[in-house]
Amino acid sequence: IHLRVVRAALHRFVRYLAATGACPDLRFSRHGDPRAVPGHEALLTEYEQYLTLHRGLAQATVREYLDQASRLCRARGGGGGGGAAGPPWDTLPPRVLYDRLLTCAEHRSHHSLRCAITALRSFFRFLRVTGHCTKELERYFVRYRGYPRSRLPATLSTEDLYRLFETVRGDSPKAVAHRAVLLLLTLNGLRSGEVARVRLDDIHWRERTIVFRGRKS
């Protein structure tokens, strides 16, 4: 499991414990509240109620949409909306949206980026419906289409590989076999299924070759 997923799950669990009073001594920091953006607290609270009462979205979806809206408010700075001081949302420069999406693209998968765009479009529709903005800001976004396997897969670092090989040191037949499997996976880039299907008849000792039988042509 990715570390970011574990951190997010623990973060939400701590928020749940604090909200339900299951741990009386637990004090959850206000900084963890996505609505705690200076100058935008009332707007984000209204947006949360809009998603829950008018849209009827699930709590997990509400949290995701509210998180994207709060990040945009932080990137925008100042107040705005609800009578707070600051420039109106009608004057939101496209550069702010571009920088926000660029940040999402650098740290998110294609699926997560598409969800972030959907959340921002929802926030812009809320601004227009509730009178905080007159422009159709959601039209700033074009339909995003992600392609499978368009990014390089995540790999182990060199330090992790060294630590992995340290676990199979030794001259025992089991250690040698495990080391051979790791070498085939790391140096030759073979799939785990291809290595698992190797039989003794596939190893030609005199020619120093191995025949790998893959399911794909």
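As shown above, the structure is provided for reference.
Cut-offs applied
Residues numbered from 1 in each chain as written. Predicted model: local features only at pLDDT ≥ 70, side-chain atom pairs only at ≥ 80, totals over all residues. Heavy atoms only, no water. Helix = DSSP H or I, 4+ residues; strand = E, 2+ residues; numbered from the N terminus. Contact = heavy atoms within 4.5 Å. Axes fitted to C-alpha atoms, helices over the stretch in contact; angles between N-to-C directions. Parallel < 35°, antiparallel > 145°, perpendicular 65-115°, else oblique. Left-handed = near helix turned anticlockwise from the far one by under 90°. Nonpolar A, V, L, I, M, F, W, Y, C, P; charged D, E, K, R; others polar. Phe/Tyr/Trp six-rings, centres within 6.5 Å; stacked < 30°, edge-to-face > 60°. Buried < 20%, exposed > 50% of the residue type's maximum accessible area, 1.4 Å probe, protein only. Expected span 1.5 Å × (residues − 1).

Student: Tell me about the overall build of the chain, residues and numbers included.
Tutor: A count of helices and strands for the chain gives eight helices and two strands. Helices and strands appear in the chain in the N-to-C order α-α-α-α-α-α-α-α-β-β. The contacts in the chain between residues at least 6 apart in sequence include a share of 49% that link residues at least 24 apart.

Student: Break down the packing of helix H6 (residues 158-166) against helix H7 (residues 173-187) for me, citing the residues and quoting the values.
Tutor: When two helices pack together, their arrangement is given by the angle between their axes and by how far apart the axes lie. Between H6 and H7, the least distance of the axes is 10 Å, while the angle of their chain directions is 160°. Relative to H7, the element H6 is oriented roughly antiparallel. In the packing of H6 onto H7, the handedness of the crossing is right-handed. Residue-level contacts link Leu161, Leu164 and Phe165 of H6 to Arg179, Leu182, Leu183 and Thr186 of H7. Here the contact of H6 with H7 is composed, by residue class, of five nonpolar, one polar and one charged.

Student: Please provide a residue-by-residue account of the packing of helix H3 (residues 59-76) against helix H5 (residues 110-129), values included.
Tutor: Axis separation between H3 and H5 bottoms out at 9 Å; the angle between their running directions is 75°. Regarding the angle of H3 to H5, the classification is roughly perpendicular. Contacts from Tyr65, Gln68, Ala69, Leu72 and Cys73 in H3 reach Ala116, Thr118, Ala119, Leu120, Ser122, Phe123 and Phe124 in H5. When its residues are assigned to classes, the contact of H3 with H5 shows nine nonpolar, three polar and no charged.

Student: Give me the lowdown on the packing of aromatic side chains, citing residues and values where you can.
Tutor: Per the counting criterion, the structure on display carries seven aromatic pairs. Aromatic pair Tyr47 and Tyr50: ring centres 6.4 Å apart, planes at 20°, arrangement stacked. Within this pair, Tyr47 and its partner Tyr50 are both found in helix H2 (residues 41-54), separated by three residues, close to a single helical turn. Taking relative accessible area as the criterion, Tyr50 reaches 14% and is therefore assigned buried. Between Tyr50 and Phe126 the ring centres are 5.2 Å apart and the planes differ by 50°, which places this aromatic pair in the tilted class. Here Phe126 lies in helix H5 and Tyr50 lies in helix H2, a separation of 76 residues in the sequence. Every member of this aromatic cluster is reached through a ring pair, and the members are Tyr47, Tyr50, Trp89, Phe123, Phe124 and Phe126.

Student: So what about H5? Which residues, and what values?
Tutor: Each turn of an α-helix holds 3.6 residues, which means side chains three or four residues apart point in the same direction. Spanning 20 residues, H5 covers 29 Å between terminal C-alpha atoms, matching the ideal 28 Å at 1.5 Å per step. Of the residues making up H5, those classed as buried are Ser112, Leu113, Ala116, Ile117, Ala119, Leu120, Ser122, Phe123, Phe124, Phe126 and Leu127.

By themselves, these observations are geometric and do not establish any function.
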